[in-house]
Structure formats: structure tokens, C-alpha cells
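Below, each chain spelled out in residue letters.
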There are 2 protein chains.
Amino acid sequence: MTEDKTEDAHARWIDYRPEIKVLDCTIRDGGLVNDHMFEDDLVRAVYRTCVEAGVDYIELGYKASKRIFAPDKFGVWKFCEEDDIRRIVGDEPGGPKIAVMADAERTDYHEAFLPSEQSAIDCYRVACYIHQVPTALDMVKDACDKGYEAMFQLMAVSTANESDVRRALALVAESPAAGVYLVDSFGSLYSEQVRDLTQMYVKAMEGTGKDVGFHGHNNLQLAFANTIEAIVSGANRLDATINGIGRGAGNCPLELLIGFLHNPKFKMRPVLQTIEEVFLPLRETLDWGYSIPYAITGKLNQHPRAAIAMRASDRPDAYVEFYDQMINEDS
Amino acid sequence: MTEDKTEDAHARWIDYRPEIKVLDCTIRDGGLVNDHMFEDDLVRAVYRTCVEAGVDYIELGYKASKRIFAPDKFGVWKFCEEDDIRRIVGDEPGGPKIAVMADAERTDYHEAFLPSEQSAIDCYRVACYIHQVPTALDMVKDACDKGYEAMFQLMAVSTANESDVRRALALVAESPAAGVYLVDSFGSLYSEQVRDLTQMYVKAMEGTGKDVGFHGHNNLQLAFANTIEAIVSGANRLDATINGIGRGAGNCPLELLIGFLHNPKFKMRPVLQTIEEVFLPLRETLDWGYSIPYAITGKLNQHPRAAIAMRASDRPDAYVEFYDQMINEDS
């Protein structure tokens, strides 16, 4: 390390990168904890928080197919109908852009994506696994043709073959997507892996004007750290949730991310206020955040579903039994 | 990024560095939560866990001056008398080395450090602030003269002047200390700062054979991430505690660190067992781990004492009031 490099590195903590955009996915990823059954008051409180905190996007839920998911089994944010969105966001201009996630093979996108001028939605985030890339690209095209911004979310990258990921990125680079997210679905990536992958994504998008984003999970207490690593490696779109709410171990906490970003448009205080008033009481009925079963699935690079089931069972603290079971499982 | 670099980085997750040594400071740093009043059964359980998990050192507490700290106000691990240590560790060979912390200006070291052949202690970790460096160096010399290994812990480096730190490191390099720890006392360092500082410490110790270590706190959910960053930057001595117990937001969790290190001598299962059997019940009476007040002091690079006081008050969740108070404080 030379003296100059130290000075460069320190300087980065004084400056900020104006291109960085924050997406709050509290309602969308948090909805995975309670089948999207948030009350309007809570969703409105989160929306107001995003307005006041200077957050760029708010993601409210999924555009799921009602043929696949019975509407009486889920809250309205599984489907994000126009009326539900408008009831929350009103007509006030200047708030965050509205994002909705659409899963490949779980969305009737040809019908469900309205022409954008008829919709309160600004951005579709199309999520897929590596074997669904062609379907997801068709969804991206459909959304863009109808006037939306579309982002490409390649899930579970930690289990995908590296050359397949490179090929998928090359296809995204040729698509009309506004960008691509590195998604650490299992919360299993360590910082150097985030750095290498982010750099790979950035390089694949070079010259296209497309953004790279990062979405982390907190299984190994690394969601915030990995988000910082992604920023340093060139990611400009960052996902976070209030108090880290989200499936299993949760996500990068919005309060920490905003505390880290130096752009004066971001405000930490409204997020703290909403945690105090809304999310602390919510913890009495919903379970999220770091715990040992999620750390075990994260370390083993596994989907957290076994840990979620175990936490919801009558033996949520049988850590050693769960560890033995996961270690001895044939994969 | 070239292809080769990617391959190098990936290769590091397969291999391991045999020089890396883990120190469990569960009883010492955890003792800051309960004035060192752990029962023998708990301390024995932690010791057994360290034996079984392959941990290299266990730190049991402080060698505090009984002239400054009244023995009836603290548990025995504030003083670490020989009899108390022997009651826990017995005579069984092959367990972890026994470490004790000694604070500059709070230890009557000339009398309290016995000749090492009369002691169960293997290593003194001498802790000081930047203005106490000469005292700490004298303590290091005293410990080494008496036959101990001594480590130098420079606390609160995030508030010290960089040129002062360089001068302190030069003095440590000339001392008989076995190494020096980068200590993130306030849990305020971000990864790039950890990288720069670790590299600075490594460079200062170059050619001396001395180790560099890292001790983190979890105020910003970065204790584990920063420990990884320190490893990658050359630190070989790593502090952790079971389930992250420790003052305020706590420390790097031993279970995560052991899950990350690939040396087969380290075992995760005994740590999980102790968390399940001993630390989950302990959480009913002791408060530690990430919470908003600690995140606020971490972000502001402040000692956590105001947050600890606030968490122990009758308004432990008045986050916004605490934030306003900390932001408006003259410093």
C-alpha cells in the first residue's frame, strides 16, 4: 500500500457517487414473511418513509398469476393491482418510482402488464433462475414495449455455472433492460465473491449504459457489508429494507445503507422513526433477522426454505439437530 | 478484472492459511455486559467448547487493579486470579492457550503478573489508548520478561491521528510483543478502512515476525465482514465470541468465523451446541447484539456508552430521541 492509495481510499468516504439509486423492497421482500398481508396503514407508512428518506424506488410486491396463486390465500401485494397501488401512493408527484417484481413462469405478463400510461407502476423487476433466462428476456421486452423500465434479476447466482452466467449477461446486454442485479438469494456470498461477480456484471454491461445492482440477504450477517462491496465494485442500484425485514435472515437494513451513503438527499431520521413506531411492534408477530438456522443454510449455499420451516416448527431452536440434518443431506 | 484474478480469488475459498489463530473472548468481552459475573458452569461450558472447536486461545477476563475496582462490585473474571482459572481449566493438557487482558493504567502489573511458571496464563493482551502507548509498552516488556506471550491492543484507532498510530506501530515493532491488534472499539470502521489499516499494521510489522490481529464490534453489522477483510489483508489473529456476545452490539460471532475458516481443525458443531444449550437461555437475562442505538454510535464513531445507558434506561426504544441527542451533541 502506498501513501497515495491510502489517501484515495480515505477520500472516498468524504465524497459520494450521485448515480447511486436505492430501492426499498420492504413491502415486497417483507411480504415473503407474511404472504403479502400487510395492512394499508403499514404500507402507507413505508411509502411516506421512502418519500422523506429520499429513496429512489419502492417495490410493493409481485405481479403474480392468479391462475397459479389463489387470491384468497395471499394479501393484495402478491398481485399489485392498480387500485391497491393508487390507494397507497395517491396522486402526489415527486415520490419514489413504483417497482413491482414479476417472476418468470409465475406471471401472466402479456395480460397483467398494462400499457404504462394506464399504470401507476414505473418499473418491473423481472426475476428468474438461470434456466428461465429466455422467458425473463421476453418479459423484459414486453415490459419495455409497453413503456416501463425493466430490470433483470438473476436469482441464486451462487448455484449457477459461471459460463452460463456470462452467457446470460451477454443476452441482458443486448436486451432493452435498464440493468441487471446481482442477487445473493441464499445469503451465501462472501465479500470477494461479491467483488468478483459485481465486476463481471459491470464488465458485461460496459458500453450499454445499463446499471448493475445488488440484492443481498443477511444469513451470514453480510448483507450490508456485501452491499458496500458491490458499491465499491461499481454497482449503482442497491436494495434494502427497513430494519432489514425480509424472508429468513432478512436483507440489507435501509437505516445502515442510508447511514453509509453520503448523498445529502438521503435522510436516516425518518427511517429510524418508522422502525420505532411501526417495525418494533411488528416484531411481536413476525420473525425475521439473523439466526443460526439461516446461517447454516447460508454457509451451505442452500435455499433457506428448510430453515424457514424449522423456525416455524415447534422446535425453532434445535440448532444442532438441524445442522446434522443439513450436513448429512444428500445433495 | 482478468480471468486469472477471478480464478485466484475463487481458489482462496478452497484453500486455507494454517497461520490463522482464533481467540475466543466470550468470557472477557461478554463480561463487559454483566460486570464479569459469569457462573463457573458457564465458563466451563465455554472452555469445553473452545477445546472441541479447535480454538487457539481463550480469554477469560481482565487483570484489573483491586485498588481501582472494588472486588465486591465485580465477578472474579475482572481479576482472573490463578485459583479461579485453574478451577475452570484443570490440568488437562492440549486445550487452548489462556489469555487475559490487562488495561494500561488499570493494572498493577509489576505485582499482578506472576512469573509465568507460577501461572496458568499463557498470554497477556495489553490494551491501551493512543496516549497510553509508553505505559502499555512497559507492561508488554514486564510480561515478556516474566515469560509470557504479550499482544499489543491499540484501542479506538478510529479516533486516533494516523501519524500517531504509525509511530505507535513503529514502537511495537521494536518491542518484545508477539503482535499487534487492530481494534475497532466503536464498531465504526467500514471494510476499506479495515483493509487500509490492516495493511498499514502488516507493513509496520514486516520483518519482525510479529502477527497482526483484528478485533471488531458489530454496531454496523460489520464485525464478521470486517474480520474477513482483515484476514484477506493479512491478519492472522482473529477475535470472536460465541453467538457474538459482547459489549453493546457485540463481536464477530465465533460460529460464523469458524464456518468461514477452512482449516479442518476448526469445528462449528460444538459452538452451535453451546449456543443452543447455554446462550439462548442467557439471552433472557442479558442484552447484546445489533440494535439501532449501537448503529447510531457506530455511524458517528462514538464510544457506545451513551447507547448502553439508553438501552438500560426505561426508554430503550426511543431511537429518534437518541439520534437527535447524538447528532446535536457538541463534540
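Residues numbered from 1 in each chain as written. Chains lettered and ligands numbered in written order. Predicted model: local features only at pLDDT ≥ 70, side-chain atom pairs only at ≥ 80, totals over all residues.

### What about the interface of chain B and chain A?
Point 1. Facing the 35 residues of chain B at the interface are 34 residues of chain A.
Point 2. At the level of elements, α1 (3–11), α8 (191–205), α9 (223–232), α10 (254–260), α11 (269–282), α12 (292–299) and α14 (319–328) of chain B are the ones that each hand at least two residues to the side of chain B that touches chain A.
Point 3. Across the side of chain B that touches chain A, the residue classes tally to 19 nonpolar, 6 polar and 10 charged. (Contact = placed C-beta atoms within 7 Å. Helix = DSSP H or I, 4+ residues; strand = E, 2+ residues; numbered from the N terminus. Nonpolar A, V, L, I, M, F, W, Y, C, P; charged D, E, K, R; others polar.)

### Points about helix α6 (residues 133–145) of chain A
All names here are of chain A.
Point 1. In this model, α6 (13 residues) spans 18 Å end to end at C-alpha, consistent with the 18 Å of a helix rising 1.5 Å per residue.
Point 2. For α6, the full list of buried residues reads V133, A136, L137, M139, V140 and A143. Projected onto a plane normal to the axis of α6, the buried residues spread over an arc of 160° and lie on a single side.
Point 3. Against β3 (97–103), α5 (109–112), β4 (123–128), β5 (149–154) and α7 (162–174) lie the buried residues of α6. (Expected span 1.5 Å × (residues − 1). Buried ≥ 20, exposed ≤ 12 C-beta atoms within 10 Å, placed from the backbone. Arc of directions from axis to C-beta.)

### Topic: the domain arrangement of chain A
All names here are of chain A.
Point 1. With domains assigned, chain A is organised as domain 1 (15–282) and domain 2 (292–328).
Point 2. Distance from the C-alpha centre of domain 1 to the C-alpha centre of domain 2: 26 Å.
Point 3. Counting from both sides, the interface comprises 10 residues of domain 1 and, opposite them, 11 residues of domain 2.
Point 4. The residue inventory of the side of domain 1 that touches domain 2, partitioned by class, reads 3 nonpolar, 6 polar and 1 charged. (Domains from an automatic or database assignment.)

### As for the pairing of β4 of chain A
All names here are of chain A.
Point 1. Among the 6 residues that make up β4, 5 are buried, leaving the element largely enclosed by the rest of the structure.
Point 2. Bridge count between β3 and β4: 5 bridges; the pairing is parallel. The residue of β4 that forms the bridge with M101 is R125.
Point 3. Sheet topology places β4 next to β5; 6 bridges connect them, and they run parallel. Its bridge partner being in β5, V126 is matched across the sheet by F152.
Point 4. After leaving β4, the chain enters α6 and then returns to the sheet as β5, a path that is right-handed. (Pairing = 2+ DSSP bridges. Right-handed = clockwise from strand over helix to strand, strands pointing away.)

### Regarding unusual backbone geometry
Residue and element names in this part refer to chain B.
Point 1. Here H36, not a glycine, exhibits a phi torsion of approximately 65°, which is positive.
Point 2. Residue position: H36 is located in the loop between α2 (26–30) and α3 (40–53).
Point 3. For N243, which is not glycine, the phi dihedral falls at a positive 60°.
Point 4. One can find N243 in the loop between β8 (237–240) and α10.

### Some details on the relation of the copies chain B and chain A
Two copies of the chain are present, and they differ by a rotation about an axis and a shift along that axis.
Point 1. Expressed as a screw transformation, the operator carrying chain B onto chain A has a rotation angle of 180° and an axial translation of 0.0 Å, and the superposed copies differ by an RMSD of 0.0 Å. Classification of the inter-copy transformation places it as that of a two-fold axis. (Least-squares fit on C-alpha atoms with pLDDT ≥ 70 in both.)

### A look at the nonpolar core
Point 1. Ranked by internal contacts, the top residues of the largest apolar core, which has 204 residues, are V126, L182 and L257 of chain A together with V126, L182 and L257 of chain B.
Point 2. If sequence neighbours within four positions are ignored, L182 of chain A has contacts with V157, L197, T198, Y201, V212, G213, F214, A230 and A235 of chain A. (Core = buried A, V, L, I, M, F, W, Y, C linked by C-beta atoms within 7 Å.)

### Topic: the sheet that holds strand β7 (residues 211–215) of chain A
All names here are of chain A.
Point 1. Spatially, 8 strands are ordered β1-β2-β3-β4-β5-β6-β7-β8 in a closed barrel, and the strand pairing comes out parallel. Across this sheet, the average inter-strand angle for adjacent strands is 25°, counted without regard to direction.
Point 2. The pairing of β5 with strand β6 (residues 179–183) spans 4 bridges and is classified as parallel. Residue pairing for β6: F152 is matched across the bridge by V180. (Axes fitted to C-alpha atoms, helices over the stretch in contact; angles between N-to-C directions.)

### Topic: helix α11 (residues 269–282) of chain A
Point 1. Given a rise of 1.5 Å per residue, 14 residues ought to cover 20 Å, and the 19 Å separating the end C-alpha atoms of α11 of chain A matches this to within 8%.
Point 2. Along α11 of chain A, the sharpest change in direction is near 40° and occurs at I275 of chain A.
Point 3. Buried within α11 of chain A are the following residues: P270, V271, L272, T274, I275 and F279 of chain A.
Point 4. In this fold, the buried residues of α11 of chain A make contact with α3 (40–53) and α10 (254–260) of chain A together with α12 and α14 of chain B. (Bend = angle between axes of the 7 residues up to and from the residue.)

### Details of the pairing of β5 of chain A
Remember that side chains alternate between the two faces of the sheet whenever the strand is regular.
Point 1. Burial within β5 of chain A is extensive, with 5 of its 6 residues counted as buried.
Point 2. Each parallel crossover has a hand, and for β5 of chain A linked through α7 of chain A to β6 of chain A it is right-handed.

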